[in-house]
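# Chains, contacts and geometry: an overview
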Amino acid sequence: MSAEDVEKTSSEAVKGLKGIIAADSSICLVNGTIGKLLYRGYNIDDLAENATFEEVSFLLLNGELPTATQLAAYQAELKQYRSIPAELIDTLKQLPTSAPPMALLRSITSLAGVYDPNAEDETFENRMQISIKLISQIPTIVAAIHRVRQGLEPVEPDPELCHAGNFMYMINGEKPSEDATRAMDLILTLHAEHGLNASTFTGRVIIATLPDIYSAITGAIGALKGKLHGGANTEVLKTLFEIGSLENVAPYVKKVREAKGKFMGFGHAVYQVEDPRAKHLKELSRRLGEETGEPKWYEMSIEMEKLVYEEIKRNCNVDFYSASLQHYMGIPGDLFTCIFAASRIAGWCAHILEQLDGNKIIRPKANYIGYEERPVIPVTER
């Protein structure tokens, strides 16, 4: 058998690479069969209840939870990097306010690499520093996008606030409540990492060619922007707005079911049982619903969760309650995926650093299904 025949008769391609092991990683375990999610060996339930996003992002980057001394130094470093170059704000103000927030985030993040004089430094120490800088600055960029689109000036970071509290402050321009700060911290923690999802894999593929980290993160943001990846909670909020009231939930579920439609925020590509992240946002949605005087969005979500499960036997995922929760936090639906990016930046950077340790360019084969070899017929004879 010739080399060409061997190439052609190789095993068939697996669409979406589903089930294909593409890397060894010590960062995250996602077990969809039993609904288990571990960051560096720590259960997401344990982290959600007992650790802050600062601790979780340190864990993802370094492999271990920080000591008190390490945490204090890391928090100081995050605060040091919060402000972004004025040139980024100037450029943002010149871009169309009608552009999707994720398009703006992708573009400004790419530009941030231009203004970083150390972007091309390939030492591990510099790459770690850039990772920490991006974890700190992506929230600042997201908040600036939100403010500029409203015709408002960006809010300068407050060094007295924690990472999540400062993020909320830069978005809304006022100091957040304890529950709102806790909600943001939990959202950031729960979305920080999730194995070789599309955007993380994109980041690893790009960094494997050895460009700068900003290039890899820009690509990851581009992948997250896709409708099949990062926008589910935005669609959940649109659904809640469409339903409008508690009494309309049952008719809506019936209508979608009869039309064989899809219920956004239910089921998951990996989890065959309950998404372990989902339950942590439910209680905070209830509390913020009471705090804001608009409990109906939470109540509608509770009713919808019950009725949809009765119909299709699928649990809600992490996106479902994050929709009502972020609405209560004053975050518009079209900014939800940017909030996702401000969280997942920690996981992206962890995977980028891991990929660079013993790096090999990622170059899979395609299963050729085209023509056999054929001659070129002169154009006058075609």
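First things first, this report covers the structure right here in the doc. If you're wondering where the values come from, they're calculated on a predicted model, not measured in any experiment.

### Details of the packing of aromatic side chains
- Scanning the entire structure with this criterion turns up 5 aromatic pairs.
- On the numbers, 4.8 Å between centres and 55 degrees between planes, the contact of F266 with F320 is tilted. Of this pair, F266 sits in the loop between α13 (249-258) and α14 (278-292) while F320 sits in helix α16 (residues 318-328), and the two are 54 residues apart along the sequence.
- Classification of F320 as buried rests on a relative accessible area of 0%.
- Taken together, a centroid distance of 5.1 Å and an interplanar angle of 85 degrees make the contact between F320 and Y321 edge-to-face. Accessibility assignment for this pair places F320 and Y321 in one class, buried.
- A connected cluster of aromatic rings, assembled from ring pairs, spans F266, Y298, F320 and Y321.
- Sitting over the ring of Y169, K175 keeps its end group 5.6 Å from the ring centre.

### A look at a nonpolar patch on the surface
- A cluster of nonpolar residues, V14, L17 and I20, forms a patch on the protein surface that exposes about 240 Å² of accessible area.
- Within the element layout of this structure, V14 appears in the loop between α1 (3-8) and β1 (28-31).

### What to know about the pattern of salt bridges
- A complete count under the given rule lists 16 salt bridges for this structure.
- A salt bridge links D116 to K133; the nearest nitrogen and oxygen atoms lie 3.2 Å apart. Within this pair, whereas D116 is found in the loop between α6 (101-114) and α7 (124-149), its partner K133 is found in helix α7, the two being separated by 17 residues in sequence. Here the two residues D116 and K133 agree in accessibility, since each one is buried.
- The residue R182 makes a salt bridge to D185 at a minimum N-O spacing of 3.9 Å. You can see R182 and its partner D185 sitting in helix α9 (residues 178-190), 3 residues apart, about one turn around the helix.

### A look at the environment of R182
- By relative accessible area, R182 is classed as partly exposed at 30%.
- It is 31 Å that separates the C-alpha atoms of R182 and K262, two residues lying 80 residues apart in sequence.
- Only 2.5 Å separates the side chain of R182 from the backbone oxygen of A48, close enough to count as a polar contact.

### Some thoughts on the packing of helix α11 (residues 213-225) against helix α17 (residues 336-356)
- The interhelical angle for the contact between α11 and α17, taken along N-to-C directions, is 135 degrees, at an axis separation of 10 Å. Taken together, α11 and α17 sit at an angle that is classed as oblique. In this structure, α11 crosses over α17, and the sense of that crossing is right-handed. Within the contact between the two elements, α11 uses I213, A216, I217, A220, I221 and L224 and α17 uses T337, F340, A341, I345, W348, C349 and I352.

### Here's the deal with empty space enclosed by the protein
- Scanning the entire structure with this criterion turns up 1 cavity of 30 Å³ or more.
- Empty space within the largest cavity amounts to approximately 70 Å³.
- What lines the largest cavity is A119, E120, D121, E122, N126, R127, I130, I207, P211, D212 and I213.
- The element best represented in the lining of the largest cavity is α7, accounting for 3 residues.
- Residues belonging to the lining of the largest cavity are distributed by class as follows: 5 nonpolar, 1 polar and 5 charged.

Cut-offs used in this document
- Residues numbered from 1 in each chain as written.
- Predicted model: local features only at pLDDT ≥ 70, side-chain atom pairs only at ≥ 80, totals over all residues.
- Heavy atoms only, no water.
- Phe/Tyr/Trp six-rings, centres within 6.5 Å; stacked < 30°, edge-to-face > 60°.
- Helix = DSSP H or I, 4+ residues; strand = E, 2+ residues; numbered from the N terminus.
- Buried < 20%, exposed > 50% of the residue type's maximum accessible area, 1.4 Å probe, protein only.
- Lys NZ or Arg CZ within 6 Å of the ring centre and 35° of its normal.
- Patch = residues over 30% accessible without salt bridge, like charges linked within 9 Å, V, L, I, M, F, W, Y side chains within 5 Å.
- Areas by Shrake-Rupley, 256 points an atom, 1.4 Å probe, with all protein chains shown as cover.
- Salt bridge = Lys/Arg side-chain N within 4 Å of Asp/Glu carboxyl O.
- Polar contact = N/O pair within 3.5 Å; in protein donor to acceptor, adjacent residues only side chain to side chain.
- Axes fitted to C-alpha atoms, helices over the stretch in contact; angles between N-to-C directions.
- Parallel < 35°, antiparallel > 145°, perpendicular 65-115°, else oblique.
- Left-handed = near helix turned anticlockwise from the far one by under 90°.
- Contact = heavy atoms within 4.5 Å.
- 1 Å grid on protein atoms, 1.4 Å probe; cavity = no way out; pocket = protein on both sides within 12 Å on 5 of 7 lines; lining within 4 Å.
- Points joined across faces, edges and corners; volume = space filled by probe spheres on them.
- Nonpolar A, V, L, I, M, F, W, Y, C, P; charged D, E, K, R; others polar.

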